[in-house]
Amino acid sequence: MIGLIAATAAGAAARDRLAAAWPDRTRVYGGPVADAVRAAFAECDRLVCFLATGAVVRLVAPLLAGKASDPGVVCVDEAGRFAVSLLGGHGGGANELAREVGEVLGAEPVVTTATDAVGLPGLDTLGLPVEGDVAAVSRALLDGEPVALRAEVTWPLPPLPVAAEGAYTVRVTDRLAEPADGEAVLRPPTLVVGVGASKGAPVEEVLALVEDALREAGLSRASVAELATVDAKAGEPGLVEAARRLGVPLVTYPAGELARVAVPNPSDAPLSAVGTPSVAEAAALVGGGELVVPKRKSAGSPAMATCAVVRRPGRGRLAVVGLGPGARDLLTPRARDELRRASVLVGLDQYVDQIRDLLRPGTRVLESGLGAEEERARTAVAEARRGQAVALIGSGDAGVYAMASPALAEASDDIDVIGVPGVTAALAAGALLGAPLGHDHVSISLSDLHTPWEVIERRVRAAAEADLVVTFYNPRSRGRDWQLPKALALLAGHRASTTPVGVVRNASRADESVRLTTLAALDPATVDMMTVVTVGNTATRQIAGRMVTPRGYRWQEEAR
């Protein structure tokens with residue numbers, strides 16, 4: 001919950017705007033400001049104070065307990081110009097909150113955390129438990145000192161400017177190891193603990209079994225991702241409470257699914273009780289991985305619980321990112337976040353140049369020229385399979401005539417794939433033309449490099465007969481100069497010569513050009529590969545210099 005505190009009418013107005021935008025996330029605190037701050041500080045995860053930073057510093061100073069427990073605090077000035085991350089930038093979430101507040105109120109987020117200021121990911125913001133000499137290692141990264149990365153297990157980390165050797169170390173491990181001086185240890189969630197339990201098994205017995213198994217195997221409790229068991233035990237109180245105390249989900253599987261998992265230590269007892277010869281080992285192994293702790297029993301007499309531990313390999317991450325039509329303000333916030341999340345960027349050289357300044361230090365860039373689309377797709381998937389966090393970029397929306405299709409054709413289910421939509425060329429051109437896509441429409445590429453012309457012609461003919469608005473991608477190049485005239489002729493067989501046609505080149509870029517013409521007047525020689533051509537249907541009209549396709553056909557009926 002986010003506590004909101006204001007002292008003046010101007011502050012209260014901004015506070016109420018934020019409360020209206022986030023009704024389920026916020027709570028307004030009234031009354032004397034000092035009392036409101038004390039109450040919100042004790043009850044909320046984060047605070048937004050519409051007060052001067054000096055006033056907030058004095059109010060929260062007596063309340064501070066420690067970096068790990070204090071809420072994040074953001075200050076917004078009376079004029080609503082700035083949202084200042086004052087306290088708990090990383091651990092308290094104030095940095096991200098300042099950015100969110102800025103988006104709602106139109107304020108400039110002010111973040112002074114050193115790593116954020118220079119574009120480095122904070123070691124405590126990676127979503128992984130971190131321990132050891134975090135401050136010293138972070139300072140070394142900031143100062144450009146050599147910091148070595150020791151990845152004992154694979155995990156798709158964001159970019160870090162690390163070296164082969166260094167006086168400081170970032171260690172990625174699920175092993176139970178005491179951090180050395182100058183070492184920060186990241187604990188990825190690689191361990192799955194399968195558990196079986198008799199009815200009424202005490203939570204203390206279950207927890208003792210799990211913790212003993214981890215300790216004796218030299219594994220860290222912080223790397224446990226989940227407890228896993230059979231569906232029949234989903235409501236067993238001892239297992240439910242054990243998962244809650246460990247801070248992980250209790251994941252369950254049908255007995256039939258567990259029975260199909262090959263295990264080294266099957267037993268007749270669970271087979272007769274719940275329908276599978278193994279619960280602990282099978283539940284841990286069902287998602288694959290290495291069995292690092294075979295089934296063992298608890299110390300009770302009789303033993304009421306069993307457990308087994310599996311290390312699942314870290315899955316690589318492939319984000320397929322659409323960059324939009326070219327303008328920076330049409331690059332979505334999600335796309336921007338994924339670019340900064342990726343440790344490896346794969347893309348066409350000219351697209352890489354568009355967003356190179358957004359990449360974090362340490363990002364490895366693999367760029368290539370036109371015609372290497374399939375090679376880029378294979379490269380991106382291969383990097384993800386090596387456990388990297390990869391961004392594969394394309395213009396517009398990466399799923400529309402871009403890189404998503406070849407990449408997903410290469411990818412299997414051994415990596416995580418995230419699709420990040422972008423503003424397509426058709427949408428960017430449509431916004432400049434007016435509303436040409438207001439009713440049913442279709443996009444057709446006229447490039448016959450990968451699709452036979454006979455197939456393209458059949459699609460154009462179908463769109464013409466169906467009276468669809470048509471947007472032509474890749475309409476004409478120096479080596480393909482006859483396809484666009486042929487496609488226009490097919491449409492002209494079903495539409496009037498006065499049908500509006502929009503011609504947009506380099507939509508949203510500095511040298512964009514927009515022309516509104518007609519089917520009869522369009523000169524194909526004025527079109528190139530950087531152009532999108534949108535041909536209206538029988539209802540499309542020019543209205544006040546704009547191209548408009550009505551959502552219904554009333555205008556068409558009224559015109560008859």
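The notes below deal with the structure included here. (Residues numbered from 1 in each chain as written. Predicted model: local features only at pLDDT ≥ 70, side-chain atom pairs only at ≥ 80, totals over all residues. Heavy atoms only, no water.)

1. Some points on the pattern of salt bridges
This is how the line gets drawn: For salt bridges, the criterion is a side-chain nitrogen of Lys or Arg within 4 Å of an Asp or Glu carboxyl oxygen. Each helix is a run of H or I in the DSSP string that is no shorter than four residues. Each strand is a run of E no shorter than two, and both are numbered from the N terminus. When a residue's accessible area, from a 1.4 Å probe over protein chains only, is under 20% of the maximum for its type it is buried; when over 50% it is exposed; and in between it is partly exposed.
Per the counting criterion, the structure on display carries 32 salt bridges. Between Arg245 and Glu241 there is a salt bridge, and its shortest N-O distance comes to 3.0 Å. Linking Arg245 with Glu241, this pair stays in helix α8 (residues 237–246), spanning 4 residues, or about one helical turn. Arg245 gets classed as partly exposed once you look at its relative accessible area, which sits at 38%. For Glu241, a relative accessible area of 21% translates into the label partly exposed. Salt bridges here are not isolated pairs; linked through shared partners, they connect Arg150, Glu152, Arg171 and Glu183.

2. What about helix α17 (residues 453–465)?
What counts here: For a helix, the expected span equals 1.5 Å multiplied by the number of residues minus one.
Here α17 contains 13 residues, and its C-alpha end-to-end distance of 18 Å stays within 8% of the 18 Å for a straight helix at 1.5 Å per residue. The set of residues buried in α17 consists of Trp453, Val455, Ile456, Glu457, Val460, Ala463 and Ala464. Directly after α17, the chain includes Asp467, whose backbone phi takes a positive value near 60 degrees.

3. A closer look at the packing of helix α7 (residues 203–217) against α8
For clarity, the threshold we go by: Every angle, taken between N-to-C directions, lies between 0 and 180 degrees, and every axis is a line fitted to C-alpha atoms, over only the stretch in contact when it is a helix. Every angle not falling under 35 degrees, over 145, or within 65 to 115 is termed oblique; those three ranges are roughly parallel, roughly antiparallel and roughly perpendicular. Each crossing gets its handedness from the near helix: less than a right angle anticlockwise from the far helix is left-handed, clockwise is right-handed. The contact rule is simple, with two residues in contact once any of their heavy atoms fall within 4.5 Å. Throughout this entry, Asp, Glu, Lys and Arg are counted as charged residues, while Ala, Val, Leu, Ile, Met, Phe, Trp, Tyr, Cys and Pro are counted as nonpolar. The remaining residues, Gly among them, count as polar.
For the pair α7 and α8, the least separation of the axes is 8 Å and the interaxial angle reads 55 degrees. In terms of axis orientation, α7 runs oblique to α8. Remark: the crossing between α7 and α8 carries right-handed chirality. Contacts between α7 and α8 involve Val203, Glu204, Val206, Leu207 and Val210 on the former and, on the latter, Gly238, Leu239, Glu241, Ala242, Arg245 and Leu246. Residues of the contact of α7 with α8, tallied by class, amount to 7 nonpolar, 1 polar and 3 charged.

4. Topic: unusual backbone geometry
The phi dihedral of Tyr401 is positive, around 55 degrees, even though this residue is not glycine. One can find Tyr401 in the loop between β19 (389–394) and α15 (404–410). A positive phi angle, near 55 degrees, is found at Asn506, a position not held by glycine. Position of Asn506 among the secondary structure elements: in the loop between β24 (500–505) and β25 (513–518). Overall, Asn506 belongs to the buried group, its relative accessible area being 7%.

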